[in-house]
Amino acid sequence: MSSTLEKIASDLADDTIAIMQKTGDDRLHFEVAKVLGSSSQTLEEAYLHEVRVRLAGRAAKAFLKDKIAKLAAGAKSGGAQGQ
(Lines give C-alpha, C1' and ligand atoms only; values in the text may rest on other atoms or scores of the structure.)
Protein backbone atom coordinates (compact mmCIF):
# COMPACT_ATOMS: atom_id res chain seq x y z
CA MET A 1 0.00 0.00 0.00
CA SER A 2 1.24 3.48 -0.84
CA SER A 3 2.37 5.84 1.83
CA THR A 4 0.64 9.18 2.32
CA LEU A 5 3.56 10.89 0.59
CA GLU A 6 3.35 8.65 -2.48
CA LYS A 7 -0.44 8.95 -2.67
CA ILE A 8 -0.42 12.74 -2.51
CA ALA A 9 2.46 13.01 -5.00
CA SER A 10 0.73 10.61 -7.39
CA ASP A 11 -2.63 12.39 -7.18
CA LEU A 12 -1.00 15.79 -7.71
CA ALA A 13 0.95 14.47 -10.70
CA ASP A 14 -2.21 13.10 -12.29
CA ASP A 15 -4.08 16.37 -11.73
CA THR A 16 -1.20 18.48 -13.02
CA ILE A 17 -0.70 16.44 -16.18
CA ALA A 18 -4.43 16.56 -16.92
CA ILE A 19 -4.33 20.36 -16.69
CA MET A 20 -1.13 20.50 -18.75
CA GLN A 21 -2.85 18.54 -21.52
CA LYS A 22 -5.91 20.78 -21.47
CA THR A 23 -3.99 24.06 -21.38
CA GLY A 24 -0.80 23.20 -23.27
CA ASP A 25 1.22 24.62 -20.34
CA ASP A 26 4.16 22.22 -20.36
CA ARG A 27 5.88 24.03 -17.46
CA LEU A 28 3.01 23.85 -14.96
CA HIS A 29 4.62 21.04 -13.02
CA PHE A 30 7.53 23.31 -12.14
CA GLU A 31 5.15 25.89 -10.72
CA VAL A 32 3.40 23.26 -8.62
CA ALA A 33 6.77 21.94 -7.45
CA LYS A 34 7.74 25.44 -6.32
CA VAL A 35 4.57 25.66 -4.22
CA LEU A 36 5.28 22.25 -2.71
CA GLY A 37 8.93 23.03 -2.09
CA SER A 38 8.07 26.05 0.01
CA SER A 39 6.58 23.78 2.65
CA SER A 40 7.85 20.25 1.97
CA GLN A 41 10.95 19.44 -0.03
CA THR A 42 10.23 15.74 0.43
CA LEU A 43 6.80 16.04 -1.19
CA GLU A 44 8.26 18.25 -3.92
CA GLU A 45 10.81 15.57 -4.83
CA ALA A 46 8.24 12.77 -4.76
CA TYR A 47 5.87 14.83 -6.92
CA LEU A 48 8.55 15.65 -9.50
CA HIS A 49 9.49 11.97 -9.63
CA GLU A 50 5.87 11.02 -10.31
CA VAL A 51 5.54 13.67 -13.03
CA ARG A 52 8.80 12.62 -14.72
CA VAL A 53 7.79 8.95 -14.71
CA ARG A 54 4.40 9.73 -16.24
CA LEU A 55 5.79 12.08 -18.89
CA ALA A 56 8.54 9.61 -19.80
CA GLY A 57 5.98 6.82 -20.09
CA ARG A 58 3.79 8.92 -22.37
CA ALA A 59 6.77 9.81 -24.54
CA ALA A 60 7.74 6.15 -24.84
CA LYS A 61 4.18 5.14 -25.73
CA ALA A 62 4.02 7.86 -28.40
CA PHE A 63 7.34 6.66 -29.81
CA LEU A 64 6.12 3.07 -29.99
CA LYS A 65 2.81 4.11 -31.56
CA ASP A 66 4.71 6.04 -34.23
CA LYS A 67 7.06 3.11 -34.77
CA ILE A 68 4.15 0.72 -35.28
CA ALA A 69 2.48 3.15 -37.70
CA LYS A 70 5.69 3.42 -39.73
CA LEU A 71 6.11 -0.35 -39.80
CA ALA A 72 2.50 -0.78 -40.94
CA ALA A 73 2.96 1.87 -43.65
CA GLY A 74 6.13 0.14 -44.80
CA ALA A 75 4.39 -3.22 -44.92
CA LYS A 76 1.55 -1.77 -46.99
CA SER A 77 3.88 -0.08 -49.45
CA GLY A 78 6.07 -3.18 -49.66
CA GLY A 79 3.05 -5.39 -50.22
CA ALA A 80 1.78 -3.15 -53.02
CA GLN A 81 5.16 -3.25 -54.77
CA GLY A 82 5.28 -7.04 -54.69
CA GLN A 83 1.93 -7.41 -56.53
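The residue count restarts for each chain, going from 1 along the sequence in the order it is written. Local features in this predicted model are restricted to residues of pLDDT 70 or higher, and side-chain atom pairs are both shown and tallied only at a pLDDT of 80 or more, whereas totals for entire chains, interfaces and linings draw on every residue. Heavy atoms from the whole structure form the basis of all side-chain values; hydrogens and water molecules are not counted.

## Remarks on the side chain of Glu50
Our working definition: Only DSSP runs of H or I covering at least 4 residues are called helices, and only runs of E covering at least 2 are called strands; the numbering of each starts at the N terminus. Per-residue accessibility, obtained with a 1.4 Å probe over protein chains only, is compared with the maximum for each type, and a residue is labelled buried under 20%, exposed over 50%, and partly exposed between these values. A contact between two residues is defined here by any heavy atoms of the two lying within 4.5 Å.
Examined against the element boundaries, Glu50 turns out to sit in helix α3 (residues 41-81). Judged by its relative accessible area of 18%, Glu50 is buried. Beyond its immediate sequence surroundings of up to four residues, Glu50 is in contact with Ala9, Ser10 and Ala13.

## Topic: the pattern of salt bridges
Just so we agree on the cut-off: In what follows, salt bridge is the name for a side-chain nitrogen of Lys or Arg lying within 4 Å of a carboxyl oxygen of Asp or Glu.
Taken as a whole and judged by the stated rule, the model has four salt bridges. One salt bridge in this structure joins Arg54 and Asp14, with 2.7 Å as the shortest N-O distance. Within this pair, whereas Arg54 is found in helix α3, its partner Asp14 is found in helix α1 (residues 4-23), the two being separated by 40 residues in sequence. Across the pair Arg54 and Glu50 runs a salt bridge whose closest N-O atoms are separated by 2.5 Å.

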